[in-house]
Structure formats: structure tokens, C-alpha cells
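Here is how the chains run, residue by residue.
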Amino acid sequence: MTAPARPAVAVLGTFDTKAAESCFIADRLAAAGVRPVLVDCGVFGPAAGAPRGPDIAHTEVARAAGHDAAELAAAGDRGAAVAAMAEGARAVLLRLHGEDRLAGAVAAGGTGGTSIAAHAMRALPLGLPKVAVSTAASGDTAPYVGESDLVLMPSVVDVSGINSVSARILSNAADAVAGMVRGAPVAYRPPGPTVAASMFGVTTPAVTHARHLLEEQGREVLVFHMTGAGGRTLEALADQGGLSGILDLTTTELADELAGGVMSAGPGRLAGGGPDTPRVVSVGALDMVNFGARETVPERYAGRLLHVHNPAVTLMRTTPEECAELGARLAARVAALPAPAAVLLPLRGVSAVSAEGGPFHDPAADAALFGAVRDGLAGGAVRLVELDARINDPVFAETAVELLDGLLR
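Residues numbered from 1 in each chain as written. Predicted model: local features only at pLDDT ≥ 70, side-chain atom pairs only at ≥ 80, totals over all residues. Heavy atoms only, no water.

A closer look at the sheet that holds strand 4 (residues 130–134)
No. 1: Read from one edge to the other, the open sheet built from five strands follows the order 2-1-3-4-5, with strand pairing classed as parallel. Each edge of the sheet is formed by a strand with only one pairing partner; in this case those strands are strand 2 (35–40) and strand 5 (151–154). For this sheet, the mean inter-axis angle between neighbouring strands, taken without regard to orientation, is 20°.
No. 2: Pairing analysis gives four bridges linking strand 4 to strand 5, with the strands arranged parallel. For S134, the partnering residue across the bridge sits in strand 5 and is P154. (Pairing = 2+ DSSP bridges. Helix = DSSP H or I, 4+ residues; strand = E, 2+ residues; numbered from the N terminus. Axes fitted to C-alpha atoms, helices over the stretch in contact; angles between N-to-C directions.)

Considerations on the layout of surface pockets
Rolled over the atoms, a probe sized like a water molecule indicates the empty space that remains.
No. 1: There is about 300 Å³ of room inside the largest pocket.
No. 2: Grouping the amino acids of the lining of the largest pocket by side-chain chemistry returns eight nonpolar, seven polar and four charged.
No. 3: Of the volumes computed, that of the second largest pocket is approximately 230 Å³.
No. 4: Along the walls of the second largest pocket sit R122, L124, P125, L126, E147, S148, D149, T233, A236, L237 and Q240, which together make up its complete lining.
No. 5: Partitioning the lining of the second largest pocket into residue classes produces five nonpolar, three polar and three charged. (1 Å grid on protein atoms, 1.4 Å probe; cavity = no way out; pocket = protein on both sides within 12 Å on 5 of 7 lines; lining within 4 Å. Points joined across faces, edges and corners; volume = space filled by probe spheres on them. Nonpolar A, V, L, I, M, F, W, Y, C, P; charged D, E, K, R; others polar.)

Focus: the nonpolar core
No. 1: Core analysis: the largest hydrophobic core is formed by 38 residues, its most contacted members being L12, V39 and L93.
No. 2: For this core, the secondary structure elements donating two or more residues are strand 1 (8–13), strand 2, helix 2 (58–64), helix 3 (69–75), helix 4 (78–98), strand 3 (104–109), helix 5 (111–121) and helix 6 (142–145).
No. 3: It is helix 4 that contributes the most residues to this core, nine residues altogether.
No. 4: In contact with V39, other than residues within four places in its own chain, are A10, V11, L12, G13, F15, I56, V61 and V92.
No. 5: Judged by nonpolar contacts, the second largest core, of 28 residues, contains A331, A365, F370 and V382. (Core = buried A, V, L, I, M, F, W, Y, C linked by side-chain atoms within 4.5 Å. Buried < 20%, exposed > 50% of the residue type's maximum accessible area, 1.4 Å probe, protein only. Contact = heavy atoms within 4.5 Å.)

Points about empty space enclosed by the protein
No. 1: Scanning the entire structure with this criterion turns up two cavities of 30 Å³ or more.
No. 2: A volume near 50 Å³ is recorded for the largest cavity.
No. 3: Forming the walls of the largest cavity are L12, G13, T14, K18, C41, A107, A108, G109, G113, I116 and A117.
No. 4: For the lining of the largest cavity, the secondary structure elements donating two or more residues are strand 1, strand 3 and helix 5.
No. 5: For the lining of the largest cavity, a count of residues per class yields six nonpolar, four polar and one charged.
No. 6: Taken as a whole, the second largest cavity encloses approximately 40 Å³ of empty space.
No. 7: In terms of lining, the second largest cavity is formed by E21, V133, S155, V157, D158, V159, S160, G161, S166 and L170.
No. 8: Classifying every residue of the lining of the second largest cavity by side-chain character gives four nonpolar, four polar and two charged.

A few points about helix 8 (residues 204–216)
In an α-helix, one turn spans 3.6 residues, which is why side chains three or four residues apart end up on the same side.
No. 1: Relative to the 18 Å expected for 13 residues at 1.5 Å per residue, helix 8 spans 18 Å between its end C-alpha atoms, a close match to the ideal helical length.
No. 2: Of all the residues in helix 8, the buried ones are A206, V207, A210 and L214. Mapping the buried residues of helix 8 onto a view down its axis gives an arc of 85°, with all of them on the same face.
No. 3: Of the surrounding elements, those touching the buried residues of helix 8 are strand 6 (194–199), strand 7 (220–225), strand 8 (245–250) and helix 13 (394–408). (Expected span 1.5 Å × (residues − 1). Arc of directions from axis to C-beta.)

A closer look at the sheet that holds strand 8
No. 1: With parallel pairing, the six strands of this open sheet are ordered in space as 7-6-8-9-13-14. Every other strand in the sheet has two partners, leaving strand 7 and strand 14 (383–387) as the edge strands with one partner each. Pairwise comparison of adjacent strand axes, ignoring direction, gives a mean angle of 20° for this sheet.
No. 2: Bridge count for strand 9 (residues 279–284) against strand 13 (residues 341–346) is four bridges, and the pairing is parallel.

Considering the pairing of strand 8
Moving residue by residue along a regular strand, the side chains alternate between the two faces of the sheet.
No. 1: Within strand 8, six of the six residues are buried, which leaves it mostly tucked inside the rest of the structure.
No. 2: Pairing between strand 6 and strand 8: three bridges, direction parallel. Each bridged residue has a counterpart across the sheet, and for A196 the counterpart in strand 8 is I246.
No. 3: By the bridge criterion, four bridges tie strand 8 to strand 9 in an arrangement that is parallel. The partner of T250 across the bridge, within strand 9, is G284.
No. 4: Where the polypeptide runs from strand 8 across helix 10 (residues 253–259) and back to strand 9, its parallel neighbour, the crossover connection is right-handed. (Right-handed = clockwise from strand over helix to strand, strands pointing away.)

Comments concerning the pairing of strand 12 (residues 313–317)
No. 1: Most of strand 12 is tucked away: five of the five residues are buried.
No. 2: Where burial is concerned, the two faces of strand 12 agree: the one with V313, L315 and R317 and the one with T314 and M316 are both buried.
No. 3: For strand 10 (residues 288–291) and strand 12, the ladder comprises four bridges, and the chain directions are antiparallel. When the sheet's bridge partners are listed, V289 is paired in strand 12 with M316.
No. 4: Relative to strand 12, strand 11 (residues 306–310) is paired through four bridges, and the arrangement is antiparallel. Paired with N310 across the two strands is V313, which belongs to strand 12.
No. 5: Between strand 11 and strand 12, which pair antiparallel in sequence order, lie two residues.

What follows is the structure, encoded as C-alpha cells:
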């Protein structure tokens, strides 16, 4: 009998500057019983003195994106070259995965190399191991990770040669990927159709109760935390057709998008999914805009009502004017969804802190929000349901699940 092929892991590196580090990772993978596939993402090709050449040359990577490597090098535009090689690396990884030849991916580099590798790895399916050792791993990693499960590992020292520190870090990265790809297959199977739910700390009781009810119906529930990345991931999954329905009770990211908070999901929020992905939407946590520590709140908001949620998170109450705009935006986006939808309003409080007695209790702001939603949905196909309850009251979650169940049926 022919022995089964060893799992293959793509090692992405710019061989004009990081050949030694890429080959070091490849050797460590091979020692762990994993077959490395060296992919040269550099514009200029392997530098003199490289331990060995790549399995997939930089010319092939550039060609995969419709470019000529020599022309990219001659143009002298580093930004354009990095973007081109990133597209090429992405195409190469997708091809390898489509040919069932890829079990994972790993990379090491600075900001340029990380941007190339991260762009390529983000295209791979969730769950496929992907690790990048990077000088940028301890800063703002959102541009690299995006909505993926990419693991960024701080390089500690620069990715510049093999030394007592880099050898340990690069070995850890290789060993981590090797362990992931050689692990036993995941035995878990979803119990039934998958529903996504949006949650925040101040809407946790509502979403938790709804999740239990949905699970009792035999559905799998994926809960996303609405921190910007959470909303983008939810919408991306909906676009991929991986959801049977969405329980979108927490739309707080719209407030951050409007007022410049730190947890905006961008204009794609409340815009994902196809005609077969019904959605129940509410106004959870639209009473707040999120910022970091108290001292990070922009000066222009110095006179606003602020609430320190914890040392790292400061909340700002949305005004009646902002709430009116948020209600109009929410209604417009829901009305434009291609799938059946319903909107559920909790008239006694849209979060744990805006109900009566809470620090963000503001009937005028809530009235502006609800009124704009009503006006925006008037005469349309979206069903509007109003409850004389707080968002975290059990009856709210129960009604939301009933609505979603009706849309799903």
C-alpha cells in the first residue's frame, strides 16, 4: 500500500529578505512530520546566500495575480508591489487548498511581509491553521487579522536572522502549526441549522436566554460579540451562505460608526446575507458609543454623559438627535435586506444601563430612536413588533425567537 501523503503547510516568506527564517520554519515543520511548501512572496527573488530556493517562485506568485515580477521590481513602487504579491499569494494558497494540498499556513516577517501573508491567509477557510510571526503582533492587529482566525505571534526581536531568541519563537510557530494540522479531526457536528446571534455585555441576558431557546429547537447558535470585528465576521459568514438565520438583537456598532467610536463594523453592518437568510433585528445597545479608557474619549465629547464600564471601556450616551439618525439608518438597511426580516423594539430600555434607574435612562433619546425606526419601516414589507418590556426581560428573548422561527418556517 502507498503511504498517505504527509500534510502540507505553506510557508510564506519574502525570500529577498527572509529566506533564512522561512527555511528555518520549513526545516522545523519537516522534523515534526509535516511537509513544508516554501512560497516566495518577495518581489526580487531569493537573495544571494539563501539556504535554498522556494518550492513556488516569486515569479509564479506575481503571475497568479496577473503581474510580471520583473516589471514590479523595475517600477520601484513598493506599495504597489506588496499589494500585487499579496494578491498573488492569496491566489496561490486558494489554488493549493482547492487541490486539497494544503493543511495550514505559516509566515514570518515585518509589516510588509505580514500584510502579504495575512491577506493571503484570510482567504482560507475558518479552522484551517494559520499562524504568522510578526513584528506587528503587539500593536493594532485588526488590519492583519480582519475577520479571520489568523494567529499572530510577536517576534520579540526583528525577523532578521536566526539567533537565540528568534530560533525559539520561529520554532514555537512551526510547532504550533504542526500540532494543529496533525491533531485528530474535530468530532463535533452541529445539531441542526446554524443561527447567528449578536451580543454585547449589556444585552447578554437577552441573547443567552434566546440561545437556550434556539438550542432547545435543535439549532446551533453562533454568538458574536459586537466589537466591530464581531459584526464584520457575522456579515461575512452570512454572505458566505453559512447561516440559516440571524438573531440580530444587538446593533450597537451602528452608533460607533455614526459617532466615531472604536467598535464600528463599517457600512457593511446589517447588509449581509442572501435571500435565504432571514433576520430578526433589534436596537440593542444603540444607547451607547464605545471608547477606550476615560482619557481616550475625544475632546469634542467632553461635555457628554459618560459611563466608565471598566478601566478599558468608556461608554457615551447617544443623544436624541443621534438616536433619530441611528433609527433611520437601521430601518433603511433592514428594509434593503434581500431576505425576510422583522424588527423588535424594547420600549422600556435598549440595554442594561438604559432601563429606568440606569445611568443611560433617557426617554427622549429612546423615543427618537423608536420613532425613526417606525417612520423608516412604514409601508414596507418588514414586520415591526413593539414590546412594553426591557431588552433583557425574558419575554423579549422569547418573542424574538418566535419571530425568527416564523421567518425560518
